[in-house]
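# Remarks on the overall topology
What follows is each chain in one-letter form.
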Amino acid sequence: MPLPSSPFLKLGWSVKNATWTSSSRPNTAPARQDDHHELIHRVLYHYQQYSEEKSRVARWDVFLVFSPPWFTGLERAFLWIAGFKPNLLFRLVSSSVSDMTEDQSQRINRLVAETRMQEKVLNDEMAKIQERVGAPPLANAIRRYGKAAQDGEMTGGTGDSAIGGLRKPLEKVVANADMLRATTAEKVALILTPAQIIKVLVAVAQLQLKVRSLGLQRDAERGL
């Protein structure tokens, strides 16, 4: 069965537009508060679109989002449960925002500790899932799905009943990981000022573009 074009192409579109929007004005700080809010809304809207499309693909075939064929090999290496690791956001906050108040710093530190605990819970859930069939079969299934998608041949299911039995548990852990990513970003946004949020969004876009560019270069060198 061929890969459904709608969710696949929309996902690629969402990634492209989220990156373009958040990097479209990286070196200009809006002069008015309304400009801050308008830019933040535009960027977050595109990320929300991407998240919604990824969720649709995950419901169709959760294995696909663990090894997305629309990502480069380097981008896939950065994935944590089919997305970015929430604590990465704190590193970007630390590197891009230099004017946090003491109260903001304390609130961020508390959120870091809270998020790490929730990440550990999800890591433990993933470990239990992998133990059901062993890590190699699960990893092989994920790689096989990514390769099949690149070749334009997807089944929407697995031929291995043991691997196929992991579908529901994986869908649940991906949904929980996506929820943690979203709530972490929301909590960070409530701590920072609009101007600080824009600095973080620019840092996110720059990281995306850097990893994407380097990933494309490496894939080209490997003939992929």
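Just so we're clear, the structure is a prediction, and the values are computed from it rather than from any experiment.

A tally of helices and strands in the protein yields 10 helices and 0 strands. Ordered by position in the sequence, the α and β elements of the protein form the string α-α-α-α-α-α-α-α-α-α. When the 224 residues of the protein are sorted by exposure, 41% land in the buried category. Long-range pairs, those at least 24 residues apart, make up 81% of the contacts in the protein with a sequence separation of at least 6. Approximately 12500 Å² of the protein is accessible, and the part contributed by carbon and sulfur atoms is 56%.

Formed by 22 residues in total, the largest nonpolar core has its most connected members in F66, I81, L170 and V173. Ranked by size, the runner-up nonpolar core spans 21 residues in total, among them F90, V97, I108 and V202.

Scanning the model with the defined rule gives 11 salt bridges in all. In this structure, the salt-bridge partner of R107 is D103, at a minimum N-O distance of 3.7 Å. Here R107 and its partner D103 are both found in helix α6 (residues 102–131), 4 residues apart, which amounts to about one turn of the helix. Residue D103 is classed as partly exposed on the basis of its relative accessible area of 42%. For R181, the salt bridge is made with D178, and the minimal N-O distance between the two is 2.6 Å. Here the residue R181 and the residue D178 both occupy positions in helix α9 (residues 167–191), the gap between them amounting to 3 residues, near one helical turn. The class for D178 is buried, based on a relative accessible area of 16%. Among the charged side chains, a salt-bridge network with shared partners connects K54, D178 and R181.

Position of L111 among the secondary structure elements: in helix α6. Here the alpha-carbon distance between L111 and I191, two residues 80 residues apart in the chain, equals 10.0 Å. Discounting residues that sit within four places of it in the chain, L111 has contacts with F90, T184, K187, V188 and I191.

What follows is about unusual backbone geometry. The phi torsion at I81 lies on the positive side, around 50°, for a residue other than glycine. In this model, A82 sits at a positive phi of 70°, which is unusual for a non-glycine residue. Along the polypeptide, A82 turns up in the loop between α4 (73–77) and α5 (87–96). Relative accessible area serves as the criterion here: at 5%, A82 is assigned to the buried category.

The relative placement of two aromatic rings is captured by the distance of their centres and the angle of their planes. Applying the stated criterion across every chain yields a total of 1 aromatic pair. On the basis of an interplanar angle of 75° and a centroid distance of 6.4 Å, the ring pair of W70 and F71 is categorised as edge-to-face. Judged on exposure class, the residue W70 and its partner F71 are both buried. Over the face of the ring belonging to F84 we find R181, whose NZ or CZ atom lies 6.0 Å from the ring centre.

As a further point, take the environment of R167. Checked against the element boundaries, R167 lands in helix α9. Assessed through its relative accessible area of 15%, R167 is described here as buried. The spacing of R167 and F63 is 104 residues in sequence and 7.7 Å in space, taken between C-alpha atoms.

Cut-offs used in this document
Residues numbered from 1 in each chain as written. Predicted model: local features only at pLDDT ≥ 70, side-chain atom pairs only at ≥ 80, totals over all residues. Heavy atoms only, no water. Helix = DSSP H or I, 4+ residues; strand = E, 2+ residues; numbered from the N terminus. Buried < 20%, exposed > 50% of the residue type's maximum accessible area, 1.4 Å probe, protein only. Contact = heavy atoms within 4.5 Å. Areas by Shrake-Rupley, 256 points an atom, 1.4 Å probe, with all protein chains shown as cover. Core = buried A, V, L, I, M, F, W, Y, C linked by side-chain atoms within 4.5 Å. Salt bridge = Lys/Arg side-chain N within 4 Å of Asp/Glu carboxyl O. Phe/Tyr/Trp six-rings, centres within 6.5 Å; stacked < 30°, edge-to-face > 60°. Lys NZ or Arg CZ within 6 Å of the ring centre and 35° of its normal.

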